[in-house]
Amino acid sequence: MGVCTTMYAVNTKMMKKIKADNENLAFVVGECEENEVWNVTKYEFDKSIEVFIDIFDVAGAKRSAKLINSEYADLDIFEYDSYDIWTVSPAKVKTMVKELESINIELLKTKEGNEEITDRRNRILTKDELASYLDDLSDIKQFLNETSLQSNYLIFTEA
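What counts and what doesn't
- Residues numbered from 1 in each chain as written.
- Predicted model: local features only at pLDDT ≥ 70, side-chain atom pairs only at ≥ 80, totals over all residues.
- Heavy atoms only, no water.
- Helix = DSSP H or I, 4+ residues; strand = E, 2+ residues; numbered from the N terminus.
- Rg over C-alpha atoms; globule rule 2.2 N^0.38 Å.
- Buried < 20%, exposed > 50% of the residue type's maximum accessible area, 1.4 Å probe, protein only.
- Pairing = 2+ DSSP bridges.
- Contact = heavy atoms within 4.5 Å.
- Salt bridge = Lys/Arg side-chain N within 4 Å of Asp/Glu carboxyl O.

Peer 1: Just give me the short version of the overall build of the chain, but keep the residues and values in it.
Peer 2: What the chain contains, in helices and strands, is seven helices and four strands. Counting helices and strands in the order they occur from the N terminus, the chain gives β-α-α-β-α-α-β-α-α-α-β. In terms of C-alpha radius of gyration, the chain reaches 16 Å, essentially the compact-globule figure of 15 Å for 159 residues. Referenced to the eigenvectors of the C-alpha coordinate spread, the extents of the chain come out at roughly 50 × 35 × 25 Å.

Right under this line is the structure:
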């Protein structure tokens, strides 16, 4: 059984409502009837977040790796259902965008030291597997850039 992780981009007004009442997280994670006011964008890592933590770390994006890693998060801020939940402020999202800008995906694809990057079962990724994850990295960078431009928070949920 693996852990599925999703990150949501949430504006400041929504974040205030969530902080005021954790039950509002039901609107974010889609456990309530659709409500346009709570329509947020999301990126689903599914079970691959650990690979991206490793990729960020190997690529030198150490702060970003920590921010997406629940082991470094304050999981006591929000209590909702069986999720582990943590947030990243708009200022830290900007830090992530800046840090991830410098990642050279083509260099990572050819770099010999990538034997450090493993999947969630600690199996070293083949070059083809790594290339697949690196293709997804462009989508993550775009999601974070759009979140930063809108000065939104990130909410991460692990189930």
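After that view, the rundown keeps rolling.
Peer 1: Give a description of the pairing of strand β4 (residues 153-158) that names residues and reports values.
Peer 2: Counting buried positions along β4 gives six out of six residues, so the element sits mostly inside the fold. Burial along β4 is two-sided: Y153, I155 and T157 facing one way and L154, F156 and E158 facing the other are all buried. Relative to β4, strand β1 (residues 5-10) runs antiparallel, the two being bridged by six bridges. From the neighbouring strand, V10 faces β4, where its bridge partner is Y153.

Peer 1: Requested: an account of the environment of F45, with residues and values cited.
Peer 2: With respect to the secondary-structure elements, F45 resides in strand β2 (residues 41-46). When the C-alpha atoms of F45 and D119 are compared, they prove to be 13 Å apart, with 74 residues separating the residues in sequence. Non-local contacts of F45, meaning those with residues more than four positions away in its chain, are made with T5, M7, F52, I140 and F156.

Peer 1: Would you mind going over the pattern of salt bridges in detail, with residue names and values included?
Peer 2: Applying the stated criterion across every chain yields a total of five salt bridges. Close ionic contact of E44 with K42 constitutes a salt bridge, the shortest N to O distance being 3.1 Å. By relative accessible area, K42 is classed as partly exposed at 45%. Among the ionic pairs, R63 bridges to E99, the shortest N-O distance being 3.9 Å. Within this pair, whereas R63 is found in helix α4 (residues 62-67), its partner E99 is found in helix α5 (residues 90-101), the two being separated by 36 residues in sequence. Salt bridges sharing common partners tie together D119, R123 and E129.

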